[in-house]
Amino acid sequence: MALFRCLAIALALSFSSCYLSTPSSATPSDGFLQCLSEKIPSELIFTPDSSNFNGVLVSTIRNLKFLRNTTVKPICVVTVTDASHVQAAIRCGRMNGVRLRVRSGGHDYEGLSYRSVRSEVFGVVDLAKLRAIAVSTDEGVPMAWVESGATIGELYYTISKNNPEVAFPAGTCPTVGVGGHFRGGGMGMLLRKYGLSIDNIVDAKLVNANGDLLDRMAMGENLFWAIRGGSGESFGIVVSWKVSLVKVPSKVTVFNIAKRLDQGTIEILTKWQDVAPTLPSDIIVRVIVQGQQAIFQSLFLGTCDELLPTMTSRLPELNVTKADCSEMSWLESVAFINFGNNDTTALLNRSSTGASAFVKIKSDYVRHAIPKSAWQKIFSWFRMNGAGLVILDPHGGFIGSIPTGATPYPHRSGVLYNIQYITFWSSNDDGSMAKSWVNNFYDFMGQYVTKSPREAYLNYRDLDIGENVVVNDVSTFDSGKVWGKKYFGGNFQRLAAVKRTVDPTDYFRNEQSIPPLPQCN
């Protein structure tokens, strides 16, 4: 996700006696801001009247298209430094009819962590200052508590410096915030060996719609299930996560091999589709297609000498040689894959891959290999004006062995690979050509990808596949199903049932938040 990877009408809410009541005030925003000022240090609260409000708001906006004057902005940004501040913000919001959105790293592809598509009054809880990481051992198993505002680069660096033979499975973009990454799954270069980030989370601390701070035992297994990959911001604000760390060897091997069309790219890609998901789980070979070439990028948990026999026998067309391999530590491999060099300190730079372009992203899953005859047509799209790129991430291995309902992420057994479509444009361009390209290419690819539903990955959020409709101040289940089935498959109804239990008034809401399941279901 180093490519990018990563309001105003008054709301009058009426809650039942088991939820916080709403006293009258001049306006919801006035009462909300007054309440915040009484409970949270003033230096942590930024309103449009603050001289540095815009600086704080845009500090982690990664997509330049959301820096426009027409973007619906929050009435305040609260830069919390303690879980008690989150509790106070939620209680103030509930009492005054002001909803909250939560931002950890700012990589939400549709910007829903800090903006609203519709005109509404809302505040932003910014978790960037909640970034502590504590590594420990629990009955011989390496663990870490990581706060949601930490980046995955900071997590990688901290755990590896503590023990270079310990890692964590998460994404490739180091500036992605932990909180946002975990709420949707967490796909990265270790997914075939150790699964997604959510497959390695063992506890969490969440502030619910009543402002209560709950750990796994207190929240119960249904809510704990839902926040791990099920659009966690729909159920509360997770302030920290306990993760189980994984073992890696002292040396790993990486390679990047570019193949042009005249070098057999189509033949290699056609075979790659069946080979990559069935390789030993300690090997991942993903593909980046741009222009008239494909880059085959690999991480192997071992040495080059151990890797070569497998690649030679399973995918000889790629012609991997010792000269293509680079051996390094796992932490160095993270830097290498992201930056092209071994500078691990760059993983701590929270702005190293900040907003640099206007971007639109879409996603797909492939369960049946695309025929060779189709790849020539596919490559023709990359000769068009406005063409972007695609990233193909193979599944199989451990991620495919986990039952579909074990977590909200359903794209498990039978998935060959995920497709991420990315297009860029600059401030000198209105983006019409790039957006037309990605939309039309996505439509063209419909014949080759999953259907009924056409599956999508939540962390590659795409509002084109559907938005919630709000009726009587609650997101409707039927409108949520349109996009929810694509992200969650058969897990969507269970997520909606959890929502009904823990947030029936739909306080935690955005354009693609989980709606409460109606009582009649």
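Residues numbered from 1 in each chain as written. Predicted model: local features only at pLDDT ≥ 70, side-chain atom pairs only at ≥ 80, totals over all residues. Heavy atoms only, no water.

Taking an unreviewed UniProt entry as the reference, the protein is identified by name as FAD-binding PCMH-type domain-containing protein belonging to Eragrostis curvula. Per UniProt, the comment on the protein under Cofactor (unreviewed entry) is "FAD". Regarding the protein, the relevant UniProt record gives this comment under Sequence similarities (unreviewed entry): "Belongs to the oxygen-dependent FAD-linked oxidoreductase family." (UniProt positions renumbered as here; feature names shortened; annotations may be inferred.)

1. Focus: the UniProt feature "domain: FAD-binding PCMH-type" (unreviewed entry) in the protein
Taking the UniProt record as the reference, the feature "domain: FAD-binding PCMH-type" (unreviewed entry) is found at residues 70–248. Taken end to end, residues 70–248 comprises 26% helix and 26% strand; its first and last C-alpha atoms sit 47 Å apart. (Helix = DSSP H or I, 4+ residues; strand = E, 2+ residues; numbered from the N terminus.)

2. Notes on the state of the cysteines
Taken as a whole, this structure holds one disulfide when the rule is applied. Between the sulfur of cysteine 35 and that of cysteine 92 lies a disulfide, 2.0 Å long from S to S. Looking down the S-S bond of the cysteine 35 and cysteine 92 bridge, the torsion is -70°, so its handedness is left-handed. Of the two residues, cysteine 35 sits in helix 1 (residues 28–39) while cysteine 92 sits in helix 3 (residues 83–96), which places them 57 residues apart along the sequence. Of the residues examined, cysteine 35 reaches a relative accessible area of 7% and is grouped as buried. The class of cysteine 92 is buried, set by a relative accessible area of 0%. (Disulfide = S-S within 2.5 Å. Buried < 20%, exposed > 50% of the residue type's maximum accessible area, 1.4 Å probe, protein only.)

3. Some thoughts on the packing of aromatic side chains
How two aromatic rings sit relative to each other is given by the distance of their centres and the angle of their planes. Inspection of every chain in the model, using the stated rule, returns 25 aromatic pairs. Ring centres of phenylalanine 66 and tyrosine 114 lie 6.4 Å apart, and the angle between their planes is 70°; this geometry places the pair in the edge-to-face category. In this pair, phenylalanine 66 is assigned in the loop between helix 2 (53–58) and strand 2 (77–79) and tyrosine 114 in the loop between strand 3 (99–103) and strand 4 (122–126), connecting sequence segments 48 residues apart. With respect to class, phenylalanine 66 is no different from tyrosine 114; both count as buried. Aromatic pair phenylalanine 182 and tryptophan 241: ring centres 5.3 Å apart, planes at 85°, arrangement edge-to-face. Within this pair, whereas phenylalanine 182 is found in helix 5 (residues 178–184), its partner tryptophan 241 is found in strand 10 (residues 237–244), the two being separated by 59 residues in sequence. A connected cluster of aromatic rings, assembled from ring pairs, spans Phe379, Trp381, Phe382, Tyr421, Trp437, Phe441, Tyr442, Phe444 and Tyr448. Over the ring of phenylalanine 122 we find arginine 101; its NZ or CZ atom is 5.3 Å from the centre of that ring. (Phe/Tyr/Trp six-rings, centres within 6.5 Å; stacked < 30°, edge-to-face > 60°. Lys NZ or Arg CZ within 6 Å of the ring centre and 35° of its normal.)

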